[in-house]
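Residue-level listing of the chains:
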Amino acid sequence: MTCEICGNKKMITDTGELPICPKCSGLRIVDKKLAILIAEAQIKWLENKFDDYIRKFDKKRLLIWLLDAREKFSRQFVDNPSIMLSKFFAYNVLIKEVMRLYDTDGSEIADEKNTEHLISTFSDFVNIRNRRNLIKEELGYCIAKEDFDIYKMDHKTLMANFEFVPSEDWLPILETLKQNDITDEKSATEYMQKHKMEYEKARATPQKTEYRTPEETIRIFYRFFESSRAAIHKNEIFVETFNFEYLKNNGVKPEMFLKLTNVLPQRGLLVSKSRQQFRIHLKRTGRKDILNLYDTLVFGPNNKDVFPLFVELDKKEDIVFISPAFIFLIYLIYYPIYYHDLFAAETQRLAKKFEKEDIPKMFRKNRFNVINNIVDKKKSKLEIDTLAWGGNVLYVIETKVWGIKSYYETKQRHLNIERDIMGIIDGEKYRVKNKVLVVEKVPSLLSKITYVKENLAELCSDYKHIKEIKGLVVTRIFPPINTYKDVKIINFSDIEKLNG
Ligand SMILES: [Zn+2]
């Protein structure tokens, strides 16, 4: 919704009150171009500060500390699944950064306290990069606390004078990410409590996992796969970091990760092997091209472009670290990427189930009468997902599943969803074919409403009580618009708020 007075997009406040218009409230909105420049200057400054900070450390010890912390974190994660993304992200990027600066001198010994500072400085850095992208995407505003002169700005002003405020468009994205368990640490704890039992049931010992077919594994872990897949693709920064396509291109199957860690004593503890021992260990995967495989899987001073799955220290040391719990986590994250088609098929199956079973069930639970799959016998093209009525209102319902797709945190994705929703109501279906957008004419929800109005007595036994016939679109994501041409658009969790 935009401001009724000036037409600007409203912004979300911390206080939980209704969104306000930044312009009419007299806030100093920084123009988009300038806001991006400011964010870039902040990033540059933090980058330098961050490099200096890493340089101070004894790199070898810091690296081992990070590997150990990452393994303990992954161990917890496997027991209590929740996507504490920022931390998971931080460990992996930091390991890469430390390797980049490995040859610089430094003597500070990594411990609980100084590394905590390192990780928090790092998350500031990631946050600012994220904000820059959200401003670019017009999903937020940069607000200056005091007036400033861009040409005479010191570092203190640069870092302290600007605030990022999300715009209203950010809310449905945030809600959808939350609904998909992609959360910050605080909500992750709540999530853990809520889903612990469910996950315990699904979680299996690695031995059992090995004997499942990929189809079974995808069914059991679907919810986790869907979340993690969306999480690592939600924005540019994450896509850059978690790019596992090269594993797929190098023929690495997820099952290999199980074979490499199942024989190890215990998850949660780092295991070290010499390079030669590790090469022998790699034979467990059944691959013949061990040297090739070594370069794909082992991150090290001479191989800095790969993801730090297994990590080799400097040549003098002759050590490769294996992180069993972390590798199991990677196995889970990589699974739906490798078995992309099977994952897509399961998504299709669940989408059908959502439309045909889950949504009607939810309406019934909320005291609606429901009929499913109405087909116009004269015009066989016209199909209505669901009719639901309660009291004197009847809803003509169209159900749509949108899983959260890659680049969910972008304006384009947001606009596409908006376009698709309006398309349902107007009778236009969009799809991309050979990279070209194709529009197909389909029966519109508006025409379906007319059809129901004209044939009410035939369709609904309670027709005498019905005073009003309305269109309704129910989605699995949080919709970016809530009404269009008098049709309401709601998330499925809002069915209980409908009157009927
Ligand atoms: Zn305004």
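These notes cover the structure that comes with them. Not measured: the values here are computed from a predicted model.

1. Some details on the overall build of the chain
Then, number 1: In terms of regular secondary structure, the chain is built from 20 helices and 17 strands.
Then, number 2: Counting across all 500 residues of the chain, residues that qualify as buried make up 50%.
Then, number 3: Here the analysis covers contacts within the chain between residues at least 6 apart in sequence; of these, 69% occur between residues at least 24 apart.

2. Overview of the coordination of the zinc ion
Then, number 1: Around the zinc ion, the donor atoms from the protein are Cys3 (SG), Cys6 (SG), Cys21 (SG) and Cys24 (SG), and they sit 2.2 to 2.4 Å away.
Then, number 2: When the donor residues of the zinc ion are listed from N- to C-terminus, their spacing reads C-x2-C-x14-C-x2-C.
Then, number 3: Judged by relative accessible area, which is 7%, cysteine 21 ranks as buried.

3. What to know about the sheet that holds strand β16 (residues 483–484)
Then, number 1: Pairing in this open sheet of six strands is mixed, and the strands run β10-β11-β12-β15-β17-β16 from one edge to the other. Both outer strands of the open sheet, β10 (369–375) and β16, are each paired with one neighbouring strand and no more.
Then, number 2: Note: strand β12 (residues 393–400) against strand β15 (residues 468–475), eight bridges, orientation parallel. By the bridge assignment for β15, isoleucine 397 is matched with leucine 472.

4. A few points about helix α15 (residues 290–297)
Then, number 1: By the burial criterion, the buried members of α15 are Ile290, Leu293, Tyr294, Thr296 and Leu297. All buried residues of α15 project into a common sector of 165 degrees when viewed along the axis, lining one side.
Then, number 2: Close packing links the buried residues of α15 with α12 (245–249), α13 (254–261), α14 (275–282), β7 (298–299), β8 (310–312) and β9 (320–322).

5. A closer look at the nonpolar core
Then, number 1: Grouped together as the largest cluster of nonpolar side chains are 79 residues, with contacts concentrated most on Phe122, Phe244, Phe257, Leu297, Leu309 and Phe310.
Then, number 2: Sort the elements by how many residues they give to this core and helix α16 (residues 324–338) lands first, with eleven residues.
Then, number 3: Leave out the neighbours within four places in its chain, and phenylalanine 310 touches Phe257, Leu260, Phe278, Leu297, Val298, Phe299, Val320, Phe321, Ile322 and Ile327.
Then, number 4: Trp402, Ile424, Val473 and Tyr484 belong to the second largest nonpolar core, which has 27 residues in total.

6. Quick word on unusual backbone geometry
Backbone geometry follows two general trends: most residues other than glycine have a negative phi, and most peptide bonds adopt the trans configuration.
Then, number 1: Phi is positive for glutamate 138, which is not a glycine, with a value near 60 degrees.
Then, number 2: Tracing the chain through its elements places glutamate 138 in the loop between α4 (112–136) and β3 (140–144).
Then, number 3: Its relative accessible area of 32% is what places glutamate 138 among the partly exposed residues.
Then, number 4: Its identity as a non-glycine residue notwithstanding, arginine 367 has a phi of 65 degrees, on the positive side.
Then, number 5: Secondary-structure assignment places arginine 367 in the loop between α17 (340–365) and β10.

7. Quick word on the pairing of strand β14 (residues 436–441)
Then, number 1: Of the strand pairs in this sheet, strand β13 (residues 428–433) and β14 are connected by six bridges, and their pairing is antiparallel. Bridge pairing in β14 links arginine 431 to valine 438.
Then, number 2: Adjacent in sequence and paired antiparallel, β13 and β14 are bridged by two residues, among which asparagine 434 carries a positive phi angle near 45 degrees.

8. Here's the deal with the sheet that holds strand β1 (residues 28–30)
Then, number 1: Pairing is antiparallel across the open sheet formed by three strands, whose spatial order is β1-β3-β4. Edge positions in the sheet fall to β1 and β4 (162–166), since each of these pairs with one other strand and no more. The sheet shows a mean angle of 45 degrees between the axes of neighbouring strands, direction not considered.
Then, number 2: Of the strand pairs in this sheet, β1 and β3 are connected by three bridges, and their pairing is antiparallel. Opposite arginine 28, over in β3, you have alanine 144 as the bridge partner.
Then, number 3: Against the sheet, helix α1 (residues 32–55) contacts β1, β3 and β4, and its axis sits at roughly 75 degrees relative to β1.

9. Quick look at the packing of helix α10 (residues 222–232) against α16
Then, number 1: The geometry of α10 relative to α16 is characterised by a closest axis approach of 9 Å and an angle of 85 degrees between their N-to-C directions. The angle between α10 and α16 places the two elements in the roughly perpendicular class. Within the contact between the two elements, α10 uses Phe224, Phe225, Ser228, Arg229 and Ile232 and α16 uses Leu329, Leu332, Ile333, Tyr335, Pro336 and Ile337.
Then, number 2: Here the contact of α10 with α16 is composed, by residue class, of nine nonpolar, one polar and one charged.

About the thresholds
- Residues numbered from 1 in each chain as written.
- Predicted model: local features only at pLDDT ≥ 70, side-chain atom pairs only at ≥ 80, totals over all residues.
- Heavy atoms only, no water.
- Helix = DSSP H or I, 4+ residues; strand = E, 2+ residues; numbered from the N terminus.
- Buried < 20%, exposed > 50% of the residue type's maximum accessible area, 1.4 Å probe, protein only.
- Contact = heavy atoms within 4.5 Å.
- Donors = N, O, S within 2.8 Å, 3.2 Å for Na, K, Ca; no water.
- Pairing = 2+ DSSP bridges.
- Arc of directions from axis to C-beta.
- Core = buried A, V, L, I, M, F, W, Y, C linked by side-chain atoms within 4.5 Å.
- Axes fitted to C-alpha atoms, helices over the stretch in contact; angles between N-to-C directions.
- Parallel < 35°, antiparallel > 145°, perpendicular 65-115°, else oblique.
- Nonpolar A, V, L, I, M, F, W, Y, C, P; charged D, E, K, R; others polar.

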